[in-house]
Amino acid sequence: MITLKQHSILPGFNLALGFTLVYLSLIVLIPLSAAFLRTAELTWPEFWSIVTTPRVVASYRLTFGASLAAATVNVVFGLLVAWVLVRYHFPGKKIVDALVDLPFALPTAVAGIALTALYAGNGWIGQFLEPLGIKVAFTPLGIFVALTFIGLPFVVRTVQPVLEDIETELEEAAATLGANRLQTFMRVIFPVIFPALMTGFALAFARAIGEYGSVIFIAGNMPMVSEITPLLIITKLEQYDYAGATALSVVMLVISFTLLLIINLLQWWSRRRSSKT
Amino acid sequence: MSIEVLNLSRKFGNFTALQDVNLQVNAGELLALLGPSGSGKTTLLRVIAGLETVDNGQVLFHGEDATDQHVRERQVGFVFQHYALFRNMTIFENVAFGLRVRPKEFRPSDKEIQSRVIKLLQLVQLDWLAHRYPHQLSGGQRQRIALARALAVEPRVLLLDEPFGALDAKVRKELRSWLRRLHDEMHITSIFVTHDQEEALEVADRVVVMNEGKIEQIGTPDEVYEHPASPFVYEFLGNVNSFHGRLYHGRLWIDDLEIKTHRHLANDEETAAIAYIRPHEIEVLKADDDETGIAAKVSQVTALGPIVRLEVTRSNDREKTPVRVEISKEQFRELQLVKNDAVFIKPKRINLFSPSKEKIHISDFVI
C-alpha cells in the first residue's frame, strides 16, 4: 500500500490534514460541486444554448476583458505604490499605507455608489471628463474603474514584502558594475519581484471577475454593452431559472480556473528560475 | 592606481563617522582598514567607492578628483560582506553582468564575454559551477564568485567590505591566503575592511587602524604590531597586559614594584602612566638566579596547540590581577609547570604611555 504519510518529527499530520480536507470540502468543494450538479439537470444542447446566447457571450467578454485590463493597470500602479511605500520616507506615510487597505474593508456597494457619484456627468470628476467626450459612469469604462479600485490592495500587499526584502546591496552591486537605474530595475529587481507581481495580478484578476456590488451601480447594466456575467446570474436567479444561473456560473468557474492555472504555472516557472537564497 | 583621501568628514545625524581623515593608498598595494564596529572604516570604503557622499573633503583617483563622480563611472570593483549576488541569475550571468550592461559601443561580443567570464571563473577556481544558481553554492564559493564578478569589469581599484566576515573560521583562513596570492598575481590596488586584527596583519601590505572616525596609525603589519602608536592600537592588536602605574623621579612604579631604567623618564613631578606588556614578551623562570624576576604564582594553564597560555598572579599583588603569559609548548615542557607553582616572571619589553600620549619604549630596565 502506498502511504501518503511520511515520517516526520512534526506532530499532528493526520489531524491537520483531516481538518483541512473537511474544512475545504465544506467551504469550497461542496458548494462548487452543487453548481455542477444543478447544471447537470440540463441536457447538453440546452446548456450550450444558454451559455452561448449573444447577450451572455457579450457579458463574458466584458467581465473578463474589464477584469484583465483592471488587473493589468493595478500591476503597474500597485507596484508604483508599493515602491513608494517601501523606498521613501515622507510625512503621512502611515496614513497612505492604511489607505491602500480601504478597498478591502469598504462595502463594495458603498464603493460603487461613491464612484458613480464622482464619475457621473454632474459628479466632481465626471463634469470635467464629460466635455472631453469621456463618459465613465454607466459605460464599460466605469466597470473598469470600479474593478481597478477593488483590485489595488492585492497587488500592493503582495509586492510590498518582497520589495522590502530586496537588499539595497544588490542595487549598489549593480551600480558598481556599471548598470544604470533602468538596467538595475529590469535585470536585478524586476525578476525578483515578478512572482509576487504575478500573484498580485492573479488575486486582483480573480477578485474582479467575481465582483458584483460595486459594478452594478456604476455599470448602467445595459444588455450587450455594460452587463457583467455575475449580474446575469442574479437576473436568472430572480426569475427562478436556477439551472440557467448555475450553467453560467459553471462557465465562469471553468474559465477562471483555467486562467488562474495558467498564472500559477507562469509563477512556478519564474520561481524556479529565481529560487530564494 | 593610487588613491588619495583628503580631509574627509562625514556625519550621520549626530554620529561622526569620519573626522578629517587623510590617507594615501599606493598603486598596487593591498591595504587593510582595521577597527572596531563604528570606527568609520566601512564608511571610508564606501566613500572611496562612491556609494556614500561626503560632507567635506576629497577623494582623488590617480591624482584626479573623483569626489563627485558617480559610482558607475568610478570603475571600482566592490565586494560586499553578504556577497550581494543576483539570485535570479546563474553564476555565469552574475559574472557577465558588468559586461552585459555596458553601452552597445563598449560591449564585448557574446563570444568574448563567454571567454572572459570562463577565464575569471577559472581564476577563482569555480568554472565548474558556471550554470548553478547562487543559492546552490557555499558561502566561500559565493564570495569568490562575487570577487570574480567585481573583477570582470576590469576595475581600477578593488574594494572589499568585510569580505570574509560571514564565513566560518576555516574557510576564512583559506580565503584570505588565497586573496593574498591573487593580489600578488594581479597587483590591483585593493582596500579591504576588517575588524579581525589577525586577518589584517596576515593579508595586508599596510594596515590602517581606525577608531571613532579617525585614523590611529598607518603602517606595515609589523610596525603596527611591534610599535603601536597609541594605547588604543596596543589594546586592539592582539592580547596585552596593561598596568596602571606612576612615573616618579625617572622611575616607573606599578603598585610597590619599582622599575628602574637608564633613560630619563618624564620629569620629577608624579604622573600617571600605563604600561603595556604583550603576553609573549614575558619570560617565565623556575629559579630567579640574578634576582631580576618578579615572584608569581601560576593560577591557570591553557594549552592552545603550539602555544600554552598561562595566567599568573604576582605574589605582592593584593588584588591578584591575572597577568597573561604565552610560552611555547617546548618551554612549557621544560618548565613542567602545574597550577599553583611558584615562578618568576621577567618582562622582556615594556611599552609606556603617559597621559600626554607620549610613547616611551623601555627595554633596558631593572626591577
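Residues numbered from 1 in each chain as written. Chains lettered and ligands numbered in written order. Predicted model: local features only at pLDDT ≥ 70, side-chain atom pairs only at ≥ 80, totals over all residues. Heavy atoms only, no water.

Novice: So what about the sheet that holds strand 4 (residues 56-61) of chain B? Which residues, and what values?
Specialist: Residues and elements named next belong to chain B. Here we have four strands laid out as an open sheet, ordered 2-1-4-5, and antiparallel in their pairing. Taken across any chain shown, the strands that pair with only one partner, and hence form the sheet edges, are strand 2 (15-25) and strand 5 (64-65). Examined bridge by bridge, strand 4 and strand 5 share two bridges and lie antiparallel to one another. When the bridges of strand 5 are listed, L60 appears paired with D65. Along the sheet face, helix 1 (residues 41-49) touches strand 1 (3-12), strand 2 and strand 4 and points at about 120 degrees away from the line of strand 1. (Pairing = 2+ DSSP bridges. Helix = DSSP H or I, 4+ residues; strand = E, 2+ residues; numbered from the N terminus. Contact = heavy atoms within 4.5 Å. Axes fitted to C-alpha atoms, helices over the stretch in contact; angles between N-to-C directions.)

Novice: Could you give an account of the interface of chain B and chain A, naming the residues involved and the relevant values?
Specialist: A common way to report how large an interface is uses the accessible area buried once the components associate. Taken together, the contacts link 25 residues of chain B with 22 residues of chain A. For the pair chain B and chain A, the two sides together bury roughly 2400 Å², of which 62% comes from carbon and sulfur. Looking only at chain B, the three residues that lose the most surface to chain A are R72, R87 and N88 of chain B, adding up to 32% of its buried area. Linking chain B with chain A are one salt bridge, by the criterion used here. Linking E172 of chain A and R46 of chain B is a salt bridge whose minimum nitrogen-to-oxygen distance equals 2.6 Å. There are three residue pairs in polar contact (both at pLDDT 80 or more) connecting chain B and chain A. Every element with two or more residues in the side of chain B that touches chain A is listed here: strand 6 (76-79), helix 2 (91-100) and helix 4 (139-152) of chain B. (Buried area = accessible area lost by both parts, 1.4 Å probe. Salt bridge = Lys/Arg side-chain N within 4 Å of Asp/Glu carboxyl O. Polar contact = N/O pair within 3.5 Å; in protein donor to acceptor, adjacent residues only side chain to side chain.)

Novice: I'd like to hear about the pattern of salt bridges, residue by residue, with values.
Specialist: Residue and element names in this part refer to chain B. Taken as a whole, this structure holds 30 salt bridges over all chains when the rule is applied. A salt bridge links D55 to R10; its shortest N-O distance comes to 3.7 Å. A residue pair is termed long-range when its members are at least 10 positions apart, and D55 in the loop between helix 1 and strand 4 and R10 in strand 1 qualify at 45 residues. Classification of R10 as buried rests on a relative accessible area of 12%. Taken together, the shared-partner salt bridges in this structure form one network comprising R172, K173, R176, D196, E198, E199 and E202. (Buried < 20%, exposed > 50% of the residue type's maximum accessible area, 1.4 Å probe, protein only.)

Novice: So what's going on with the environment of N94 of chain B? Residues and values would help.
Specialist: Residues and elements named next belong to chain B. Considering the arrangement of structural elements, one finds N94 in helix 2. On the accessibility criterion, N94 (0% relative accessible area) is buried. Along the primary structure N94 and E162 are separated by 68 residues, whereas in three dimensions their C-alpha atoms are 20 Å apart. With near-sequence residues (within four places) excluded, N94 lies in contact with L85, F86, M89, P134 and R149.

Novice: How would you summarise the pairing of strand 16 (residues 294-304) of chain B if you had to cite specific residues and measurements?
Specialist: Residues and elements named next belong to chain B. In this structure, strand 16 lies alongside strand 19 (residues 342-347), joined through four bridges in antiparallel fashion. Following the sheet pairing, A295 is matched in strand 19 by F344. The sheet contact formed by strand 16 and strand 17 (residues 307-314) spans eight bridges and is antiparallel. Following the sheet pairing, V298 is matched in strand 17 by V312. The hairpin formed by strand 16 and strand 17 contains two residues between the paired strands, and G305 there has a positive phi angle of roughly 65 degrees.

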